[in-house]
Amino acid sequence: MSKAAGCRGFLHHVFDYETAKTLVIPHFGVGIVFRFTQLLVVLYVVGYVCVVQKGYQETDSVISTVTTKVKGFAYTNTSDMDPRMWDVADYVIPPQGDSSFFILTNLVVTPEQTQSHCPEVSIRTGLCENFSTTVKTCEVFSWCPLEVDTRLPKKALLAAAENFTVLIKNSITYPKFNFHGRNILPHVNSSYLAHCEFNRLTDPDCPIFRLKRIISEAEADFQEMAVKGGILGILIDWSCDLDWWAGKCLPKYSFRRLDSQNQDNDVAPGYNFRFAKFYKRADGVEERTLIKAYGIRFEVIVFGTAGKFGIVPAIVNLGAALSFLSLVCKKKKYYIKSKSGDAQNLTVANIFIRCPLLQTGLC
């Protein structure tokens, strides 16, 4: 083949104009399947991708900071302890925490411990001591007298803690959209905070929570939980659609007990830890009061995702939608197979071939 013929063939293919042929199939069943498939694609794109998933939006994850302030008083008067008034400095341990705080509700106190010898199990000296009038045990060198943590009160010592309140201050930002928010809303002032208390129905904007209420919303009982302690999550959801008015981006609170409630595996239930307060006696001997503290640890968990219209995800999802439709709408051949004897004859039945550009003379 000459170079001239090759060039003409190349130009012929370059400047060819192609038109699509449409197969019109007068078949009710095929038509129903075809239109139903198209409907499913449209519902998927519009209903799921656009409405549910908001596929036309860019998204960003929340960045958050939390501080808490607990208030309340409790009075105790037991045989093991002198009458005592408890305030926030006594029962919030530690005074500051990272998005969490601990409320002391029950305790075992071992006072006036000193470094000495006493009966129990620790570093054995080989000598025996009278543990009681009938039992002798090995002598140990330890902080004596030793703790007996089986003396835990059956009713929480600080049962009044259910009426304590906590102020939660939460600030968030979505850096991609330059959006900032607080759970203390613009209309909240000092006089409002002095009297408000969170109530999902009557006062959902108040950032002050009564402990009994939030534990009740977590489907738990405060007095039962206070005996051996537990862990409770305060969940703050900042999921927002920033295509709407930004003032509608508000926190949504929920509460959930997080420690295990598996009745088949109740080993080491609740939440507790030990700490000590040290003193120096007049004779120079070091002394301490050991406290095994039981209580409720509150974890403030902030999460959320914000979405806002973005041209890139909108184009990507539109292109995907058109691709789905193109797969459904491609032209198909429809054949009716009729069998005669041992031979099969393929005949095209009820098919009309139309060209969209028939009137232009291009077909």
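Above this text is the structure in question.
For clarity, every value in this text was computed on a predicted model and none was experimentally measured.

What counts and how
- Residues numbered from 1 in each chain as written.
- Predicted model: local features only at pLDDT ≥ 70, side-chain atom pairs only at ≥ 80, totals over all residues.
- Heavy atoms only, no water.
- Core = buried A, V, L, I, M, F, W, Y, C linked by side-chain atoms within 4.5 Å.
- Buried < 20%, exposed > 50% of the residue type's maximum accessible area, 1.4 Å probe, protein only.
- Helix = DSSP H or I, 4+ residues; strand = E, 2+ residues; numbered from the N terminus.
- Contact = heavy atoms within 4.5 Å.
- Polar contact = N/O pair within 3.5 Å; in protein donor to acceptor, adjacent residues only side chain to side chain.
- Disulfide = S-S within 2.5 Å.
- Phe/Tyr/Trp six-rings, centres within 6.5 Å; stacked < 30°, edge-to-face > 60°.
- Lys NZ or Arg CZ within 6 Å of the ring centre and 35° of its normal.
- Salt bridge = Lys/Arg side-chain N within 4 Å of Asp/Glu carboxyl O.
- Pairing = 2+ DSSP bridges.

A. Spotlight on the nonpolar core. With 50 residues, the main nonpolar core has Tyr91, Ile103, Ile214, Ile215, Leu232, Ile234 and Phe298 as its most contacted residues. Mapped onto this core, the elements with two or more residues apiece are β3 (63-71), β6 (100-119), β9 (165-174), α5 (211-217), α6 (222-228), β12 (230-237), β14 (252-257) and β16 (286-303). Beyond its immediate chain neighbours, meaning those up to four positions away, Tyr91 contacts Val70, Lys71, Gly72, Phe73, Trp86, Phe102, Ile103, Leu104, Leu158 and Phe164.

B. Local environment of the side chain of Gln57. Summarising the element assignment, Gln57 is placed in strand β2 (residues 57-61). Given the relative accessible area of 9%, Gln57 is considered buried. Here Asp241 takes part through its side chain, which lies 2.7 Å from a polar atom of the side chain of Gln57. Only 2.7 Å separates the side chain of Gln57 from the side chain of Asp243, close enough to count as a polar contact.

C. Geometry of the state of the cysteines. Here the structure, examined in full by the defined rule, presents 3 disulfides. Note on cysteine connectivity: Cys118 is disulfide-linked to Cys144, with sulfurs 1.9 Å apart. Note on the Cys118 and Cys144 pair: the S-S dihedral is about -70°, so by sign convention the disulfide is left-handed. Note that Cys118 is positioned in strand β6 and Cys144 in strand β8 (residues 136-144), a separation of 26 residues in sequence. An identical accessibility class is assigned to Cys118 and Cys144; each is buried. Shown here is the disulfide that connects Cys196 with Cys206, its sulfur atoms set 2.0 Å apart. Residues Cys196 and Cys206 are joined by a disulfide whose S-S torsion is about 65°; by sign, that bridge is right-handed. With Cys196 in the loop between α4 (190-193) and β11 (208-210) and Cys206 in the loop between α4 and β11, this residue pair connects regions lying 10 residues apart in the sequence. Looking at Cys206, the relative accessible area reads 0%, which means it is buried.

D. Geometry of the packing of aromatic side chains. Inspection of the entire model under this criterion finds 13 aromatic pairs. With 4.8 Å between their ring centres and 10° between their planes, Phe101 and Phe298 make a pair best called stacked. Taken together, the residues span a long stretch of sequence, with Phe101 in strand β6 and Phe298 in strand β16 at a distance of 197 residues. When sorted by exposure, Phe101 lands in the same class as Phe298, which is buried. Ring centres of Trp143 and Phe278 lie 5.9 Å apart, and the angle between their planes is 70°; on these two criteria the pair is classed as edge-to-face. Residue Trp143 is located in strand β8, and its partner Phe278 is located in strand β15 (residues 272-280); the two are separated by 135 residues in the primary sequence. Looking at Phe278, the relative accessible area reads 48%, which means it is partly exposed. Connected via pairs of aromatic rings, a cluster forms that spans Phe102, Tyr271, Phe273 and Phe275. A cation over a ring is seen here: Arg84 above Trp86, with NZ or CZ 4.2 Å from the ring centre.

E. Spotlight on the pattern of salt bridges. Throughout the structure, instances matching the rule amount to 12 salt bridges. One salt bridge connects Arg274 with Glu147, and the closest N-O pair in it is separated by 2.8 Å. Placement of the pair is Arg274 in strand β15 and Glu147 in the loop between β8 and β9, with a sequence separation of 127 residues. Judged by relative accessible area, Arg274 falls into the partly exposed class, the value being 45%. The partner of Glu224 in a salt bridge is Arg257, and the shortest N-O contact between them spans 3.5 Å. Taken together, the positions of Glu224 in helix α6 and Arg257 in strand β14 put the pair 33 residues apart, joining distant regions of the chain. Since its relative accessible area comes to 17%, Arg257 is described here as buried. Overlapping salt bridges, with partners in common, bring together Glu147, Asp149, Arg274 and Lys292 in one network.

F. Summary view of the sheet that holds strand β13 (residues 240-241). Read across the sheet, 3 strands follow the order β2-β17-β13 without closing on themselves; strand pairing throughout is mixed. Each having just a single partner strand, β2 and β13 make up the two edges of the open sheet. Bridge count for β2 against strand β17 (residues 305-309) is 5 bridges, and the pairing is antiparallel. Across the sheet, Ser61 pairs through a bridge with Thr305, a residue of β17.

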